[in-house]
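# Structural overview
Residues per chain, in single letters:
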Amino acid sequence: MTFDVGRVRALYPALADGYAYLDGAAGTQVPGSVVEAVAGAYRDGIGNVGGAFPASGRAERIVAECRRAVADLVGGEPDGVVLGPNMTTLTYRLAAALAAGWGPGDEVVVSRLDHDANVRPWLQAAARVGAVVRWAEVDLATGELPAGQYDGLVTERTRLVAVSAASNVLGTRPDVAAICATAHAAGALTYVDGVHAAAHGPVDAAALGADFYATSAYKWSGPHVGAVVADPALLERLRPDKLASSPDRVPERFEQGTSPFADFAGVVAAVDHLAALDPDAAGTRRQRLLASMAAAEAYELELFGVLLGGLEAMGHVTTYGKASSLPGGGRGRRTATAYFTVAGRTPRQVAEHLAARKVNVWNGHNYAWELTGALAIRDAGSAVRAGLVHYNHRGEVDRLLEGVAELGG
Ligand SMILES: Cc1ncc(COP(=O)(O)O)c(C=O)c1O
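Let me begin by describing the structure that accompanies this report. The model shown is predicted, which means the values in this text are computed figures rather than measured ones.

Reading guide: rules and limits
- Residues numbered from 1 in each chain as written.
- Predicted model: local features only at pLDDT ≥ 70, side-chain atom pairs only at ≥ 80, totals over all residues.
- Heavy atoms only, no water.
- Helix = DSSP H or I, 4+ residues; strand = E, 2+ residues; numbered from the N terminus.
- Rg over C-alpha atoms; globule rule 2.2 N^0.38 Å.
- Buried < 20%, exposed > 50% of the residue type's maximum accessible area, 1.4 Å probe, protein only.
- Pairing = 2+ DSSP bridges.
- Near = heavy atom within 4 Å.
- Polar contact = N/O pair within 3.5 Å; in protein donor to acceptor, adjacent residues only side chain to side chain.
- Areas by Shrake-Rupley, 256 points an atom, 1.4 Å probe, with all protein chains shown as cover.
- Nonpolar A, V, L, I, M, F, W, Y, C, P; charged D, E, K, R; others polar.
- Axes fitted to C-alpha atoms, helices over the stretch in contact; angles between N-to-C directions.
- Contact = heavy atoms within 4.5 Å.
- Lys, Arg positive; Asp, Glu negative; His and termini not counted.
- Salt bridge = Lys/Arg side-chain N within 4 Å of Asp/Glu carboxyl O.
- Core = buried A, V, L, I, M, F, W, Y, C linked by side-chain atoms within 4.5 Å.

## Things to note about the overall build of the protein chain
Along the protein chain, the regular secondary structure elements total 14 helices and 13 strands. Here the protein chain has a C-alpha radius of gyration of 21 Å; the compact-globule value for 409 residues is 22 Å, and the two agree. By principal-axis analysis of the C-alpha atoms, the protein chain measures approximately 65 × 55 × 35 Å. Residue burial in the protein chain is summarised as follows: out of 409 residues, 57% are buried.

Set out below in structure tokens:
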């Protein structure tokens, strides 16, 4: 199919402001259908769950629909979808619940590529029980996380391997299936951070071997809601801290306090929106999601070839991450995310220069704390991140490149 970006862009009210939103990796804009779903839930009248009246029943239906939608997006079961405010909060919650079963001498493996939200909760949980932390290192020249090193890192004492499905700054997509297979062969569980990855292509958490797959709807055109998807039978084995009075069922056992029901309605609309990115996609919502996200990924990566090629051609620009992104060049090993510095300018100055030209990019470590430290760029303000999602178009990329070119010489 030809990806009709004009049709897609028209669905997003915020894009009409004339800014090039190349900041999607920090949070996307939402289509009108999401705005309407959130507003509609409030307009219809919404109660708390568990009540005897219709507005309460509406909230219960929204929660159930939200679990179904997230399960469809990542390839899980609705009863295994834990919903919460964001990935970080949920990861702390899961880390505490999992670490309750760890002891001194047990081991966890984290990676230097990951966003800190898939590192620090495991380090802190491990420290509390005396577990040992092992690090998977990034090849700093390429930005890759070699999967082979896990053979030496995972032992029979490993309880958990935490790894990212895609770096939020370099875009690198490690070979998560191979890493999870190594973990499982040793009897360890896997916690896969799909927050960046899920926005950029089809997801099959089971095929990856992810025992836990974390995602955040605000990265893929939805509201600020996070989710962790796991096998319900695995969740049954865990006993998170909870109130005596709150449900002990799975997955509710992991959800603290009253949920943002109207936002959950927005999550459902976001998943439906993603499923329709390819208007010719047919079948179940899961099938349409797989087809639509594959189409979006192909579109993003083709446009990314222009963006990255343009940056790499400028003598005053240094790009980080060399994982292949172009069709035929091992596609799927990188998302359409560029991370770069400009000679003689701080990343903040570059971002301000671009903002004055109505181009939104991020500057800083973007919580890729260990990685920017290893690259020795963190103290100098790290780098600039420009990322593409399915609503970005060629004119925006050209505007970015023109703005960066102005900073040369
Ligand atoms: C790769 C990655 N992991 C985790 C997070 C944290 O997600 P949340 O904001 O939902 O806590 C982010 C957010 O930027 C991210 O990009």
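## Section: the pairing of strand β2 (residues 81–84)
The side-chain alternation of β2 yields two buried faces, one formed by V81 and L83 and the other by V82 and G84. Note that β2 and strand β8 (residues 226–230) share four bridges and pair antiparallel. Each residue of the ladder has a partner; that of V82, found in β8, is V228.

## What about the site of the ligand?
Around the ligand, a shell composed of N86, M87, T88, H115, A117, N168, D193, V195, H196, S216, Y218 and K219 is seen. M87 has a polar backbone atom sitting 2.8 Å from an oxygen atom of the ligand. Between the ligand and T88, the relevant distance is 2.5 Å, taken from an oxygen atom to a side-chain nitrogen or oxygen of the residue. A total of 390 Å² of accessible area belongs to the ligand in isolation, and the protein chains cover 90% of it. Each residue belonging to the shell around the ligand can be placed in one class, and the counts come to four nonpolar, six polar and two charged.

## Side note on unusual backbone geometry
Cis geometry marks the peptide bond from V250 to P251, where omega comes out at 5°. Relative to the helices and strands, P251 resides in the loop between α9 (232–236) and α10 (261–275).

## A word on the sheet that holds β2
What links the strands of a sheet is backbone hydrogen bonding, and the strands pair in either a parallel or an antiparallel sense. Overall, mixed pairing links the seven strands, which are arranged β2-β8-β7-β6-β5-β3-β4 in an open sheet. Looking along the sheet, the strands with just one partner apiece sit at the ends: β2 and β4 (132–136). The average undirected angle you get between the axes of adjacent strands in this sheet is 20°. Seen against the sheet, helix α4 (residues 87–99) touches β2, β5 (158–164), β6 (189–193), β7 (212–216) and β8 and runs at an angle of roughly 170° to β6.

## Notes on the side chain of K219
In this fold, K219 is placed in the loop between β7 and β8. No salt bridge is formed by the buried K219; the nearest opposite charge belongs to D193, separated by 8.8 Å. Side-chain polar atoms of K219 contact the backbone oxygen of A25, separated by 2.8 Å. Excluding residues within four positions of it along the chain, K219 makes contact with G24, A25, A26, G27, T28, V195 and A199.

## Regarding the nonpolar core
Counting residues in each nonpolar core, the largest one holds 105 residues, and the members touching the most others are Y150, Y213, W220, F340, V361, L400 and V404. For F340, the contacting residues outside a window of four places in its chain are L311, V317, T318, T319, Y320, V350, A383, V384, A386 and V404.

## Overview of the side chain of R253
Positionally, R253 belongs in the loop between α9 and α10. Take R253: its relative accessible area is 5%, and that puts it in the buried class. A polar atom in the side chain of R253 sits 3.4 Å from the backbone oxygen of L235. A polar side-chain atom of R253 sits 2.7 Å from the main-chain carbonyl oxygen of L238.

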